[in-house]
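# Architecture at a glance
Given next are the chains, with one letter for each unit.
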Amino acid sequence: MDREKTAGDVDLAGDVDLTESQDWPESSLEITELENGWKKSALDNAALQASERALAQEQIMASTMNLDAPFVGASAIMHKVFELIDKVADTDSTVLILGESGTGKELVARALHQKSTRRTKAFVPVNCGAIPSELLESELFGHIKGAYTGANASRVGRFTLAHQGTLFLDEIGDMPTSLQVKILRALQEKQFEPVGSTKTMKSDCRVVAATNIDLEAQVAKGNFREDLYYRLNVIPIHLPPLRDRREDIPLLINHFIKKFNDKKNFRIEGLSREAQDVLIRYSWPGNVRELENICQRLCILKGEGLIGIDDVPQKLHQFRSDNSSMGLGGLMKDGFPDEGLPLEETVVQFENELILKALEKTRWNKNKAAQLLQMNRTTLVEKIKKRGLQPE
Ligand SMILES: Nc1ncnc2c1ncn2[C@@H]1O[C@H](COP(=O)(O)OP(=O)(O)OP(=O)(O)O)[C@@H](O)[C@H]1O
Ligand SMILES: [Mg+2]
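Below, the structure is looked at part by part. Starting from 1, residues in each chain are numbered consecutively following that chain's sequence as written. Written order decides the labels, with chains lettered from A and ligands numbered from 1. At least 70 in pLDDT is required for a residue's local features to be given in this predicted model, at least 80 for side-chain atom pairs to be given and counted, and no such filter applies to totals for whole chains, interfaces and linings, which use all residues.

## Digging into the site of ligand 1
Only the C-beta atom, placed from the backbone, is used; a residue is near a molecule or strand if that atom lies within 6 Å of it. Around ligand 1 there are 17 residues in total, and Ser101, Gly104, Lys105, Glu106 and Val288 lie nearest to it. Residue assignment for the shell around ligand 1 shows that the elements contributing at least two residues are helix 6 (105-114) and helix 14 (287-302). Taken domain by domain, the makeup of the shell around ligand 1 includes at least three residues from each of domain 1 (12-238) and domain 2 (241-334). Comment: elements are numbered from the N terminus, with helices defined as DSSP H or I runs of at least four residues and strands as E runs of at least two. For every domain, the bounds stem from an assignment made automatically or drawn from a database.

## Examining the packing of helix 12 (residues 249-264) against helix 14
Helix 14 packs onto helix 12 with a crossing angle of 50° between their chain directions and a minimal axis gap of 9 Å. The orientation of helix 12 with respect to helix 14, classified from their angle, is oblique. Considering only the axes of helix 12 and helix 14, their crossing is right-handed. Contacts between helix 12 and helix 14 involve Ile249, Leu252, Ile253, Phe256, Ile257 and Phe260 from the former and Val288, Leu291, Glu292, Cys295, Gln296 and Cys299 from the latter. Gly is put with the polar residues, along with every residue not named as nonpolar or charged; the nonpolar set is Ala, Val, Leu, Ile, Met, Phe, Trp, Tyr, Cys and Pro, and the charged set is Asp, Glu, Lys and Arg. Here the contact of helix 12 with helix 14 is built from residues that sort into 10 nonpolar, 1 polar and 1 charged. Inter-axis angles, ranging from 0 to 180 degrees, are taken between N-to-C directions of lines fitted to C-alpha atoms, where helices are fitted over the stretch in contact. Note that the term roughly parallel is reserved for angles under 35 degrees, roughly antiparallel for angles over 145, roughly perpendicular for angles of 65 to 115, and oblique for everything else. In this scheme, a crossing is called left-handed if the near helix is turned counterclockwise away from the far one by less than a right angle; it is called right-handed if the turn is clockwise. This entry defines residue contacts through backbone-placed C-beta atoms, with two residues in contact when those atoms are within 7 Å.

## Details of the pairing of strand 1 (residues 95-99)
Each residue is classified by how many other C-beta atoms fall within 10 Å of its C-beta atom, where C-beta atoms are placed from the backbone; a count of 20 or more means buried, 12 or fewer means exposed, and values in between mean partly exposed. Along strand 1, 4 of the 5 residues are buried, which leaves the element largely enclosed by surrounding structure. Judged from the 4 bridges that link them, strand 1 and strand 6 (residues 206-211) form a sheet pairing that is parallel. Looking at strand 6, one finds that Val95 is bridged to Val208. Two strands qualify as a pair provided that DSSP identifies no fewer than 2 bridges between them.

## A short note on unusual backbone geometry
Although it is not a glycine, Glu171 sits at a positive phi angle of roughly 50°. As for its position among the elements, Glu171 is in the loop between strand 3 (166-170) and helix 9 (177-189). Assessed through the 19 C-beta atoms surrounding it within 10 Å, Glu171 is described here as partly exposed. Of note in the backbone geometry, Trp284 takes a positive phi value of approximately 50° without being a glycine. Along the chain, Trp284 turns up in the loop between helix 13 (273-281) and helix 14. According to the C-beta neighbour criterion, Trp284 is buried, with 22 such atoms within 10 Å.

Laid out in C-alpha cells, this is it:
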C-alpha cells in the first residue's frame, strides 16, 4: 500500500502471531491475557491457515484504508450527526447506524472508531449480508479444527480480532435469526464459543451496527429479535438521504472533484452553474455513493476544464430548471439577467418555493415546517394564507 500508516492501521502480523496451525487452547482464553497487549502467549495456540490469514489480513487492511477519509457536510442535519458522533465516540455504548444505501453509514462507523481511544486497535468490519449464513457464525466467533467438513485448522473469529477495537456489524438486518441469539449473548456477556468448541471465549470489542432496512418493521414481522434490536439500538444515528440535505451537494461535488484531481492528475476546474443546478435538483436514490460515482465519471470523461451541462448524463437533464422556477440554485443560472429583475417579487417567489418545499417535506405539518425554516409558526401560517399556498 503506497500510503502513510495511520493511527487506525492494523499490523496483524506484527501484533498477533496467527501463523501457527494448532488447536484452540485447552483452557478458555482469558480476557486479562488478551489485555496484556495481544501477547503472542495469549493467542499462540490460535491458528489460521496461511490463505485464511492472508485473506483476513487483506480484508482488515482494506477496511482501514479510509479511516482518515474526510466527512463532508455543512447542513444543519449533518451538523447534528457530527455532534452525536463526537459525543458517543469515546463511550462503549452500542451504536446503530440507520440510513439508506450510500448515505455514509460505514464512514460514520469508521469515524466512531477513529475518534475513540480504541483507534490504535483494530476496526473489524463484517458484512452480515454478504457472508453465507452457514459461514457467518464461524466468521464471527471462529471455529476449531474439525468443527465441520473442510475445517482443517482452527481459526479465530472477528469478535476476537476486534478485541479492544471496534467490531462493525454491517447489514445487521440480514443476520439469520438462528445467529441473533448468539450475537445477543456476545453483546450482553461479551462471551461466545467458537463453532465446534465448548470453551468460552471473551472479547472486549465495541460493537457498531448498521442497516438500511427498517429493523422495527422486521421486529414486527418476527424476522428480527426484539431483545437484540433494543440491545443494538442503545444509540441510534440516523443518516438522512442526500435529497434531504441538498445544501451539502455542492460541497460534496467539490470534495470529490478535488479527490479525483489529486488522485488521477485530472485538471477539472469545477462545474458550470447549470450543471451544478441539475445535480442539486436530482433526487439521488443512490445517495452520496451515486454522486461520487457520477463525479468520477465526469472527471474521467472530461479530464480538464469546466464540466458543463452537456457533460452531465442525459437522464439528469429533466432536472434542468426552467425560467419560471427560481429553484435552489436556479436563480440567475445564466448570470444576472440583462433586463434586470424586480427584487421584492423575486424574493417573495423564492421564499414561497422554500416554504412549499419545507411543507412538502413535513407533509404539511406547519409546526415542523416552521422549525425547519427556523421561523415562527404564526408567521408561517400568515404567509401561507396571504399567498394562497396550497399542496399540489
Ligand atoms: N458525508 C460524506 N462525505 C464524504 N464522502 C462521503 C460522505 N458520505 C458518504 N461518502 C462516500 O460515499 C460512499 C458511500 O458511503 P458508505 O459506504 O459509508 O455508505 P453506506 O451507507 O455504508 O452504504 P451501503 O448501505 O450501501 O453499504 C463512500 O465512498 C463514502 O466515502
Ligand atoms: Mg455500507
